[in-house]
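Architecture and fold: a report
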Amino acid sequence: MQNATERAENPVEFWEDHYRTKKTDYSGNPGELLVRYAADLTPGRALDIGCSHGDDALWLAGRGWDVTGADISKTAIARAQERLVGSDFSGRVLFVACDLEREIPDGEYDLVTASYFQSPVALARADILRRAMAKLVPGGYFLCIAHASAPPWRKGNGEHQFPTLQEELDGLDLRPDEWILHKAGYAVRNVTGPEGEKAEVKDIVLFLQRG
């Protein structure tokens, strides 16, 4: 039997506990950087890694994409599936709960997205992303957005070590002859805190195309 420390370090159990205790409300809005980079892409098949409650996946479906949304939390996926009931997207979106360290949803994709797919407990994130990228067809796009800073009101702000742009690139182990780098840099977002506070946060954006 696992002790409490071992359970806390297991990413599947950690994120399942997170979503069980998380409020079920969600904005219903896609990430602004996803919209910025994916709005003009020709729809095809998309894979959303770490899809949470499905905001990004549902937005992509609304743009004509056939989307598979994957998350390691069964609770998050159950809530995402509830949003499909009675919607116009039930035939365009498949939500899957899976241990992403062990499996990536089958298929070939024209777009793979990973928005804020980060974890405070150990997770083989770079390996997961590389295996997801391997499912892209030639000419397919990979969009990875990662937190690079936190707002001042965030609990534990200043303690968490955010990745650098170079660390993100090194983790993907890109072959220059295989990938076209459309964007590899930082973006700034304006965010609002629980008491109406305003702040700017920094994200890392990687937007690549398979050659």
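Analysis parameters
- Residues numbered from 1 in each chain as written.
- Predicted model: local features only at pLDDT ≥ 70, side-chain atom pairs only at ≥ 80, totals over all residues.
- Heavy atoms only, no water.
- Helix = DSSP H or I, 4+ residues; strand = E, 2+ residues; numbered from the N terminus.
- Contact = heavy atoms within 4.5 Å.
- Pairing = 2+ DSSP bridges.
- Salt bridge = Lys/Arg side-chain N within 4 Å of Asp/Glu carboxyl O.
- Buried < 20%, exposed > 50% of the residue type's maximum accessible area, 1.4 Å probe, protein only.
- Axes fitted to C-alpha atoms, helices over the stretch in contact; angles between N-to-C directions.
- pLDDT = per-residue confidence, 0-100.
- Parallel < 35°, antiparallel > 145°, perpendicular 65-115°, else oblique.
- Nonpolar A, V, L, I, M, F, W, Y, C, P; charged D, E, K, R; others polar.
- Arc of directions from axis to C-beta.
- Polar contact = N/O pair within 3.5 Å; in protein donor to acceptor, adjacent residues only side chain to side chain.

Focus on the side chain of Glu168
With respect to the element layout, Glu168 can be found in helix α7 (residues 165–172). Filtering out sequence-adjacent residues up to four positions away, Glu168 remains in contact with Arg125, Cys144, Ala146, Pro163, Ile204 and Leu206.

A word on the pairing of strand β6 (residues 179–192)
Look at any regular strand and the pattern is simple: side chains alternate between the two faces of the sheet. Where β6 meets strand β7 (residues 198–210), 13 bridges bridge the pair, whose relative direction is antiparallel. Across the sheet, the residue bridging to Ile180 is Gln209, located in β7. The antiparallel hairpin formed by β6 and β7 contains 5 residues in its connecting segment, where Gly196 sits at a positive phi of about 85°.

Concerning the pattern of salt bridges
Evaluated as defined, the whole model comprises 11 salt bridges. We note a salt bridge from Arg20 to Asp17, for which the minimum N-O separation is 3.3 Å. Separated by 3 residues within a single helix, Arg20 and Asp17 lie in helix α2 (residues 11–21), roughly one turn from each other. Look at Arg20 and you get exposed, because its relative accessible area is 54%. Owing to a relative accessible area of 42%, Asp17 belongs among the partly exposed residues under this scheme. With a shortest N-O distance of 3.8 Å, Asp127 and Arg130 are connected by a salt bridge. Here the residue Asp127 and the residue Arg130 both occupy positions in helix α6 (residues 125–133), the gap between them amounting to 3 residues, near one helical turn. Each of the salt bridges in this network shares a partner with another, and the network as a whole consists of Glu16, Asp17 and Arg20.

A short note on the sheet that holds β7
Backbone-to-backbone hydrogen bonds pair the strands of a sheet. The strands run either parallel or antiparallel. On the basis of which strands lie adjacent, the open sheet formed by 7 strands has the order β3-β2-β1-β4-β5-β7-β6 and mixed pairing. Looking along the sheet, the strands with just one partner apiece sit at the ends: β3 (93–97) and β6. When strand polarity is set aside, the average angle formed by the axes of neighbouring strands in this sheet is 15°. The pairing of strand β4 (residues 109–115) with strand β5 (residues 136–147) spans 6 bridges and is parallel. Among the inter-strand pairings, Thr113 is bridged to a residue of β5, identified as Leu143. On the sheet, α6 packs against β1 (45–49), β4, β5, β6 and β7 and is oriented at approximately 155° with respect to β5. Each of β5, β6 and β7 touches α7; the most contacted strand, β7, lies at about 30° to it.

As for the confidence of the model for the protein
Averaged over every residue, the pLDDT of the protein is 90; the share at 70 or more is 92%. Every residue in residues 1–7 scores below 50 in pLDDT, and together they form 6 contacts with partners more than four places removed in sequence or on other chains.

Digging into unusual backbone geometry
Phi angles above zero are rare outside glycine, and Tyr116 is one such case at about 55°. Turning to its location among the elements, Tyr116 is positioned in the loop between β4 and α6. For Tyr116, a relative accessible area of 26% translates into the label partly exposed. A positive phi angle, close to 50°, is found at Asp173, a residue other than glycine.

So, the packing of α2 against helix α5 (residues 74–82)
Relative orientation of the contacting elements α2 and α5 amounts to 45°, with a least axis distance of 7 Å. With respect to α5, the element α2 is oriented oblique. Together, Glu16, Tyr19 and Arg20 of α2 and Lys74, Thr75, Ala76 and Arg79 of α5 make up the contact between the two elements. Partitioned by chemical class, the residues of the contact of α2 with α5 number 2 nonpolar, 1 polar and 4 charged.

Things to note about α2
Along α2, the positions that sit buried rather than exposed are Pro11, Trp15, Glu16 and Tyr19. Looking down the long axis of α2, one finds its buried residues gathered within 130° of arc, a one-sided arrangement. What points out from α2, more than 90 degrees from its buried face, is the exposed set Arg20 and Thr21. N-cap assignment for α2: the residue whose side-chain oxygen lies 2.9 Å from the backbone N of Val12 is Asn10.

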